[in-house]
Amino acid sequence: MGMIDDAERIVVCAHRSPDGDALGSSLGWAGYLRSQGKDPLVCVPDMFPDFLQWLPGAQSIVRYDKHPDIVTQAMAEADLIFCLDFSQEDRLGDMALALSQSKADRIVIDHHPSPTIPTKMLISQPKLSSASEVVFRVIWQLGGFGHLTRQDAVCLYCGMMTDTGGFTYNSAAPELFFIISQLLTKGINKDKIYRNVYHNFSEGRLRLTGYVLYEKLQVFAQHHAAYFTLTRQDLRRFHYQKGDAEGLVNMPLQMKGIRLSISLREDTEHDQLIWVSLRSVDDLSCTKIAEKYFNGGGHLNASGGRLNCTMAEAELIARKAIEEL
């Protein structure tokens, strides 16, 4: 890719509240860039979960909320900026200003629908499982697979695994499992990667899980749906750390007959801000529900959104969405 060859300063950035795919795709792509003789800066807007701190290269990531001057200067001086796992500037939070003011060329590598970021090159594949899968395919087509290290492969595998719930949704394409087979040739330990992510929670997270299932879960069997709420008080009670709510929204789908699960979580810093996560099965579209009721979007079986209201009002909206299914 001539744009990479010509660039002297490269920045790789991911979205606010970075998850496994945002980090995995960014670190994996940065590894490829290093194999091409580049020295990219990887940056994210804010903190990422403790259970992803082990990822190879994670300690070198620069957080905008802690080092805004470093990130702003890097973007201002960059020749090329890669946007990984997002394609809308508002997903960067406060870091969006640094990106918008930069005169660098931008390349988006993503799998979310409706991209809006002005780019020199847009690589958008909404039908694929994850941004990490898109990154792998780009590297493969560029002939760079042989240069990928085991550490790069770990990051990309982790991104694919986490964005599909351990390959339980958005992961039916046979090509995905060919990709996994190739990553395994790099010597990755997929079982250890799974344990590092899903068996690495705090005591508070485990007790929070039990509390949600026993006390907070609202089930609407006749509508094949369920939702639960997490207030600031709940989060304080169980010593919430960023990432502790990750995956909870999947658990109601373990009940027989439940096709839709909704999580409503109060923001820990801003009043009347509710973060919404949705999961579904089969052909029930989370995307349509997120767009219609929760100012969001995403994928067929996994979407998100936000509401600017009280938790009581958010519950009324969730109930309305469930009843109108």
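Our subject is the structure listed above.
Now for a look at the structure at hand. (Residues numbered from 1 in each chain as written. Predicted model: local features only at pLDDT ≥ 70, side-chain atom pairs only at ≥ 80, totals over all residues. Heavy atoms only, no water.)

## As for the packing of helix α2 (residues 20–35) against helix α6 (residues 150–162)
How we decide: Axes, fitted as lines to C-alpha atoms, cover a helix only where it is in contact. Angles between the N-to-C directions of the axes lie from 0 to 180 degrees. The helix and strand labels rest on DSSP assignments: H or I over at least four residues marks a helix, E over at least two residues marks a strand, and numbering proceeds from the N terminus. If an angle is under 35 degrees, it is roughly parallel; if it is over 145, roughly antiparallel; if it lies from 65 to 115, roughly perpendicular; otherwise it is oblique. Helix crossings get a hand from a simple test, with the near helix turned counterclockwise from the far one by less than a right angle marking a left-handed crossing and a clockwise turn marking a right-handed one. Residue contacts are defined here by distance: any two heavy atoms, one from each residue, within 4.5 Å place the two residues in contact. Nonpolar residues are Ala, Val, Leu, Ile, Met, Phe, Trp, Tyr, Cys and Pro. Charged residues are Asp, Glu, Lys and Arg, and all others, Gly as well, are polar.
Following both chains from N to C, one finds α2 and α6 inclined at 155°, their axes separated by 7 Å at the closest point. Between α2 and α6, the angle falls in the class roughly antiparallel. Our pair here, α2 against α6, has a crossing hand that is left-handed. Each of G20, D21, G24, S25, L27, G28, G31 and Y32 in α2 lies in contact with α6, whose residues at this interface are D152, C155, L156, G159 and T162. Grouping the amino acids of the contact of α2 with α6 by side-chain chemistry returns four nonpolar, seven polar and two charged.

## Topic: the pairing of strand β9 (residues 260–266)
Put simply, the test is: Accessible area is worked out with a 1.4 Å probe on protein chains only. A residue is then buried under 20% of its type maximum, exposed over 50%, and partly exposed in between. Each pair of strands is called paired provided DSSP finds at least two bridges between the two strands.
Of all seven residues in β9, six are buried; the element is thus mostly enclosed. Relative to β9, strand β8 (residues 225–230) is paired through six bridges, and the arrangement is parallel. Opposite A225, over in β9, you have L260 as the bridge partner. Of the pairings in the sheet, the one linking β9 to strand β10 (residues 274–280) comprises seven bridges and is antiparallel in character. Its bridge partner being in β10, E266 is matched across the sheet by I274.

## Here we look at the side chain of D19
What counts is decided by this rule: Charge counting treats Lys and Arg as positive and Asp and Glu as negative, with His and both chain ends excluded. Here a salt bridge means any side-chain nitrogen of Lys or Arg lying within 4 Å of a carboxyl oxygen belonging to Asp or Glu.
Residue position: D19 is located in the loop between β1 (10–14) and α2. Here D19 sits buried without a salt bridge, and the closest side chain of opposite charge, R91, lies 6.0 Å off (N-O distance). Here D19 is in contact with L52, D85, D163 and E246, once residues within four sequence places are set aside.

## Quick look at the nonpolar core
Test applied: Put simply, a nonpolar core is a bunch of buried Ala, Val, Leu, Ile, Met, Phe, Trp, Tyr and Cys residues held in one set by side-chain atoms that sit within 4.5 Å of each other.
Among the nonpolar cores identified, the biggest contains 50 residues, and W29, F82 and I109 are the most heavily contacted of them. If one sorts the elements of this core by residue count, α6 sits on top with eight residues. Not counting residues within four places of it along the chain, the set of residues in contact with I109 comprises W29, F82, C83, L84, D85, I123, A131, V134 and V135. A290, F294, M311 and I322 belong to the second-largest nonpolar core, a separate cluster that totals 22 residues.

## As for the pairing of β8
Side chains on a regular strand alternate between the two faces of the sheet. Judged by how many residues are buried, β8 sits mostly within the fold: six of six residues are covered. Along β8, one buried face is formed by A225, Y227 and T229 and the opposite face, lined by A226, F228 and L230, is buried too. Pairing between strand β7 (residues 218–220) and β8: three bridges, direction antiparallel. Within β8, the residue paired with F220 across the bridge is A225. Between the antiparallel neighbours β7 and β8 lie four residues, among them H224 with a positive phi of about 60°.

## As for the packing of helix α5 (residues 131–141) against helix α7 (residues 174–184)
Two numbers describe how α5 lies on α7: the axes approach to 11 Å, and their chain directions differ by 70°. Judged on the interaxial angle alone, α7 and α5 are roughly perpendicular. Our pair here, α5 against α7, has a crossing hand that is left-handed. Taken together, the residues of α7 that come into contact with α5 (itself represented by E133, F136, R137 and W140) are E175, L176, F178, I179, Q182 and L183.

## Quick look at the sheet that holds β8
Strands sit in the order β7-β8-β9-β10-β12-β11 across an open sheet of six strands; the sheet is mixed. On the outer flanks of this sheet lie β7 and β11 (297–298), each paired with one strand and no other. Here β11 runs beside strand β12 (residues 302–307); their pairing, made up of two bridges, is antiparallel. Within β12, the residue paired with G298 across the bridge is S303. Across the sheet, helix α12 (residues 311–323) touches β7, β8, β9, β10 and β12, and the angle it forms with β8 is around 170°.

## A closer look at the packing of aromatic side chains
Which entries qualify depends on this criterion: Aromatic pairing here means that ring centres of Phe, Tyr or Trp (its six-membered ring) are within 6.5 Å. Orientation follows from the plane angle: under 30 degrees is stacked, over 60 is edge-to-face, and everything else is tilted. Ring-over charges, as used throughout, are those where CZ of Arg or NZ of Lys falls within 6 Å of the ring centre and within 35 degrees of the ring normal.
Counted according to the given criterion, the structure contains 13 aromatic pairs. On the numbers, 5.7 Å between centres and 65° between planes, the contact of F136 with F145 is edge-to-face. The buried category is assigned to F136, whose relative accessible area is 2%. Relative to F178, the ring of W140 has its centre 5.8 Å away and its plane inclined at 80°; by these criteria the two rings are edge-to-face. Placement of the pair is W140 in helix α5 and F178 in helix α7, with a sequence separation of 38 residues. Take W140: its relative accessible area is 38%, and that puts it in the partly exposed class. A residue is classified by how much of its surface remains accessible, and F178, at 43% relative accessible area, is partly exposed. What links up through ring pairs into an aromatic cluster is the set F136, W140, F145 and F178. Sitting above the plane of the F145 ring, K186 keeps its charged end 4.5 Å from the centroid.

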